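What follows is each chain in one-letter form.
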Amino acid sequence: MSGSSDPTASAGPRIAVYPGSFDPLHGGHLDIMRRCKPLFDRVVVGVLENEEKRPLFSVDERVAMISEVVGEDPIFTVQSFSGLLVDFVESLGARAIIRGLRAVSDFEYEFQMALMNRRLDPGIETVFLTPREEYTFVSSRLVKEVFRLGGDLSGLVPVPVLRRLEERLRPETN
Ligand code: PNS
């Protein structure tokens, strides 16, 4: 469908929001971000301000780490948000929420969120992208656990994240 009669047509830039906790950012997140590049004109990485969940890194630290990794690329901006995701998306003039789907086990939660967000704002679509197979088992929770126990994370998290993990969670040596 094309032309002005198409209610889904939009003349403005295609802006997407990639939301998450990013506590911390890992290679799977970065792979999803790379996949957004040919699809959107701008991608806002939305970092949830979820201090009640007691994240390892403060929201400012998470924003700083992600900015250090993708900040040179003009397509990406990194911002924190609180409150409803759809309100944040709306405030940016975006129409799409990006979520990564690693495995079937992600699906139920993601499906519920997508439908709730659609109910809250029918004008916003959730777009699911899948990372490369080698990242399908990587999660922020496991990254923290493996690092804490002294396991090797090379290739799974970007260097600025590894550096900050070293500052925060030195592996036990005895
Ligand atoms: O990386 P995560 O923790 O899986 O990301 C979850 C996130 C940030 C996308 C989700 O918790 C969220 O959107 N929170 C904002 C509050 C909100 O809008 N809740 C209703 C979503 S259905």
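Further up the page is the structure itself.
Residues numbered from 1 in each chain as written. Predicted model: local features only at pLDDT ≥ 70, side-chain atom pairs only at ≥ 80, totals over all residues. Heavy atoms only, no water.

J.: When you look at the site of the ligand in this model, what are you seeing that I'm missing?
T.: The full set of residues close to the ligand is G20, S21, L48, F81, G83, L84, L85, R99, Y109, M113, M116 and N117. Taking L85, its main chain carries an N or O atom lying 2.8 Å from an oxygen atom of the ligand. Across the complex, the protein chains shield 76% of the 550 Å² of accessible surface that the ligand would expose by itself. Broken down by element, the residue count for the shell around the ligand peaks at four residues, all from helix 4 (residues 104-120). Grouping the constituent residues of the shell around the ligand by class yields seven nonpolar, four polar and one charged. (Near = heavy atom within 4 Å. Polar contact = N/O pair within 3.5 Å; in protein donor to acceptor, adjacent residues only side chain to side chain. Areas by Shrake-Rupley, 256 points an atom, 1.4 Å probe, with all protein chains shown as cover. Helix = DSSP H or I, 4+ residues; strand = E, 2+ residues; numbered from the N terminus. Nonpolar A, V, L, I, M, F, W, Y, C, P; charged D, E, K, R; others polar.)

J.: Whenever I open this one, the pairing of strand 4 (residues 96-100) confuses me. Can you help?
T.: The side chains of a regular strand alternate, first on one face of the sheet and then on the other. With five of its five residues buried, strand 4 lies for the most part within the structure. A two-sided burial pattern is seen for strand 4, the buried positions comprising A96, I98 and G100 on one face and I97 and R99 on the other. Here strand 1 (residues 15-20) pairs with strand 4 via two bridges, running parallel. If you follow V17 over to strand 4, its bridge partner there is I97. Summarising the sheet, strand 4 and strand 5 (residues 125-129) pair through five bridges and their orientation is parallel. Pairing of I98 across the sheet is with V127, part of strand 5. A crossover connection joins strand 4 to the parallel strand 5 through helix 4; in handedness this β-α-β unit is right-handed. (Buried < 20%, exposed > 50% of the residue type's maximum accessible area, 1.4 Å probe, protein only. Pairing = 2+ DSSP bridges. Right-handed = clockwise from strand over helix to strand, strands pointing away.)

Worth remembering: the numbers are spatial, not functional.
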